[in-house]
Amino acid sequence: MVEKAESVNRALDTAVSLKDLITIHEAMRYSLLAGGKRVRPVLCVPACELDRTRPGFHPEIRSGPAGPTLVITLPRTELVRGSESVAMLAACAVEMIHTMSLIHDDLPCMDNVDLRCGKPTNHKVFGEDVAVLAGDALLSFAFEHLALSTIGVEPSRIVRAVEELARSI
């Protein structure tokens, strides 16, 4: 898991590059690259191989020595049809959206948090106005990154991935 998280960190650093030292880019990167377990993007990579809308998604209850157990059988089909590097684009988009939610949750009008993982929150470093814009920019950029950076995948599948991401918010 640590190795996958490091892969996500490298991909995020590349995806959201620092352009012309614009304060919003700095604020986006400050929170996005602050570290963390990266559970969502790490799980996103293998999840990109699943297509839960196809026949074969079968929940059932089985009896066992410990009592009834819910068992869900998922079909092994490909949604993205690509390598880990292609799935990493979706993983980065998921992390951008998650980071946006953290930036916005920390704002004074929400949870009013000054520290996150021992570091000053985005609005404490860059101000509330820039923090709001950085979060909004991460949300927009997540979709742009997924739609425009995915190469070698059928356009209909890219649209489907963007649609699934939008529904997840």
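Keep in mind that what you see is a predicted model, and the values were worked out from it rather than measured. (Residues numbered from 1 in each chain as written. Predicted model: local features only at pLDDT ≥ 70, side-chain atom pairs only at ≥ 80, totals over all residues. Heavy atoms only, no water.)

**What to know about the overall build of the protein chain**
What counts is decided by this rule: The way it works is that DSSP assigns letters per residue, a run of H or I at least four long becomes a helix, a run of E at least two long becomes a strand, and they are numbered from the N terminus. The buried label goes to any residue with under 20% of its type's maximum accessible area, the exposed label to any with over 50%, and the partly exposed label to all in between, with areas taken from a 1.4 Å probe on protein chains only. We call two residues in contact when some of their heavy atoms are within 4.5 Å. Accessible surface is estimated by sampling points in the Shrake-Rupley manner with a 1.4 Å probe; for residues, cover comes only from the protein chains shown.
Helices and strands together make up the secondary structure of the protein chain, namely seven helices and four strands. Starting at the N terminus, the α and β elements of the protein chain follow one another as α-α-α-β-β-α-β-β-α-α-α. The buried share of the protein chain, taken over its 169 residues, is 36%. At a minimum sequence separation of 6, the contacts of the protein chain that also span at least 24 residues come to 64%. Split by element, the accessible area of the protein chain, about 9,900 Å² in all, is 58% carbon and sulfur.

**Observations regarding helix α2 (residues 23-32)**
Buried within α2 we find Ala 27, Met 28, Arg 29, Ser 31 and Leu 32. Looking at the buried positions of α2, the neighbouring elements they touch are α1 (2-15), α4 (84-106), α5 (122-126) and α6 (128-149).

**Here's the deal with the environment of Ala 90**
Inspection of the secondary structure puts Ala 90 in helix α4. Along the primary structure Ala 90 and Leu 165 are separated by 75 residues, whereas in three dimensions their C-alpha atoms are 8.3 Å apart.

**Notes on the nonpolar core**
Applicable threshold: The term nonpolar core refers to a set of buried residues drawn from Ala, Val, Leu, Ile, Met, Phe, Trp, Tyr and Cys, joined through side-chain atoms within 4.5 Å.
The biggest cluster of nonpolar side chains holds 32 residues, and the ones touching the most others in it are Leu 12, Val 16, Leu 32, Met 88, Met 96, Leu 138 and Leu 146. For this core, the elements supplying multiple residues, two or more each, are α1, α2, α3 (39-47), α4 and α6. No other element matches α4, which puts 11 residues into this core. Excluding residues that lie within four positions of it along the chain, Leu 138 makes contacts with Met 28, Leu 32, Met 96, Thr 99, Met 100 and Ile 103.

**Some points on the packing of aromatic side chains**
The criterion, for reference: Each pair of aromatic rings taken from Phe, Tyr and Trp, with Trp reduced to its six-membered ring, is defined by centres within 6.5 Å and is described as stacked if the planes are under 30 degrees apart, edge-to-face if over 60, and tilted in the remaining cases. Only when the NZ atom of a Lys or the CZ atom of an Arg is both within 6 Å of the ring centre and within 35 degrees of the ring normal do we say a charge sits over the ring.
For the structure shown, the criterion picks out one aromatic pair. A ring pair is formed by Tyr 30 and Phe 126, whose centres lie 5.6 Å apart and whose planes are at 75°; its orientation type is edge-to-face. Of this pair, Tyr 30 sits in helix α2 while Phe 126 is found in helix α5, placing the two residues 96 residues apart along the sequence. Sitting above the plane of the Tyr 30 ring, Lys 119 keeps its charged end 4.6 Å from the centroid.

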